[in-house]
Amino acid sequence: MTAGTDNDADAKTRACVLDELAVNGMYLKHAPAELRGDKDVVLAAVAQEGSALKYAAEAMQGDRDVVLCAVAQNGRAMKHATEDLRCDKAFVLDAVAVGGWALEAASEELRGDKEVVLAAVKQNGRALRHATEDLRADKEFVLEATALCGYALESASEALRGDKEVVLSAVKQNGRAMKHATEDLRVDTEFVLEAAKISPWALECMSAERDLILRAVAENGMHLKHASAELHGDKDVVL
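Residues numbered from 1 in each chain as written. Predicted model: local features only at pLDDT ≥ 70, side-chain atom pairs only at ≥ 80, totals over all residues. Heavy atoms only, no water.

Q: Can you help me understand the packing of aromatic side chains in this one?
A: Aromatic rings in a pair are described by how distant their centres are and how their planes are angled relative to each other. Per the stated rule, a full pass over the model turns up 0 aromatic pairs. Looking at Arg126, its charged tip hangs above the ring of Tyr151, at a distance of 4.5 Å from the centre. Lying over the aromatic face of Trp201, Arg176 brings its terminal NZ or CZ to 4.0 Å of the ring centre. (Phe/Tyr/Trp six-rings, centres within 6.5 Å; stacked < 30°, edge-to-face > 60°. Lys NZ or Arg CZ within 6 Å of the ring centre and 35° of its normal.)

Rendered as structure tokens:
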């Protein structure tokens, strides 16, 4: 077989692999070793499925363009990046900005870095769960996080999920974050009504509480829409 024929065969194999990757990035697992180290081929794979980074050559797992592409498609693909990248603050900041879940695989030091974690929370509020325990218990930091995304409250320490100032900060950004407050706060009628003044969506998790809804509707009739279907048929509530 001539060199020209070999090149034609290689080009055909590459084209076939690219066709497969366009619909199933994980097909990279079955690609020839040389193609798993081909940047364009790997980019095609991770653009379709970020987790395909697992099957890329090590050089590609340490390539910033490739890893960012993978993380943008699936933040959890970060775990397949090289340790050097996962410890590189500048790179991790770029990664969490396009895929907040990338924080999960960042080095412990960076999972405790306020700038990095806030960037992750801004992209995906629930990424706070991957921050260090110290940060999740830091009131000033959690206030910043919940101001960016109310659902970050879900991953705050239990003490902060029971802190009225923190919960109101979360509710202000997203009323439905009220469901992540501690039970003590969710059964505190006066506090729930205070939260409802900021966002009526805070009533959603309390919509079965008839007396609370009665008081809320008395203050603002529009709160009725956040009551349960059962209470919609309650004459005292509706009237």
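Q: I keep staring at the nonpolar core and nothing clicks. Help me out?
A: Residues Leu28, Val67, Met78, Val117, Val167 and Met178 are the most contacted members of the largest nonpolar core, which totals 66 residues. Those elements that place two or more of their residues in this core are helix 1 (3–21), helix 2 (39–48), helix 4 (64–73), helix 6 (89–98), helix 8 (114–123), helix 10 (139–148), helix 12 (164–173) and helix 14 (189–198). Beyond its immediate chain neighbours, meaning those up to four positions away, Val167 contacts Leu153, Leu160, Arg161, Met178, Ala181, Leu185 and Phe191. (Core = buried A, V, L, I, M, F, W, Y, C linked by side-chain atoms within 4.5 Å. Buried < 20%, exposed > 50% of the residue type's maximum accessible area, 1.4 Å probe, protein only. Helix = DSSP H or I, 4+ residues; strand = E, 2+ residues; numbered from the N terminus. Contact = heavy atoms within 4.5 Å.)

Q: Even after reading the chapter, I still don't get the pattern of salt bridges, so can you show me in this structure?
A: Between side chains of opposite charge, a pair can form as their charged atoms come close. According to the stated counting rule, one finds 14 salt bridges in the structure shown. With a closest N to O distance of 2.9 Å, Arg126 and Glu154 form a salt bridge. Here Glu154 lies in the loop between helix 10 and helix 11 (158–161) and Arg126 lies in the loop between helix 8 and helix 9 (133–136), a separation of 28 residues in the sequence. Judged by its relative accessible area of 30%, Glu154 is partly exposed. Across the salt bridge formed by Lys139 and Asp163, the nearest N and O atoms sit 3.1 Å from each other. Residue Lys139 is found in helix 10, and its partner Asp163 is found in the loop between helix 11 and helix 12; the two are separated by 24 residues along the sequence. When its relative accessible area of 18% is taken as the criterion, Asp163 is described as buried. (Salt bridge = Lys/Arg side-chain N within 4 Å of Asp/Glu carboxyl O.)

Fair warning: the whole summary comes from geometry, so function is off the table for now.
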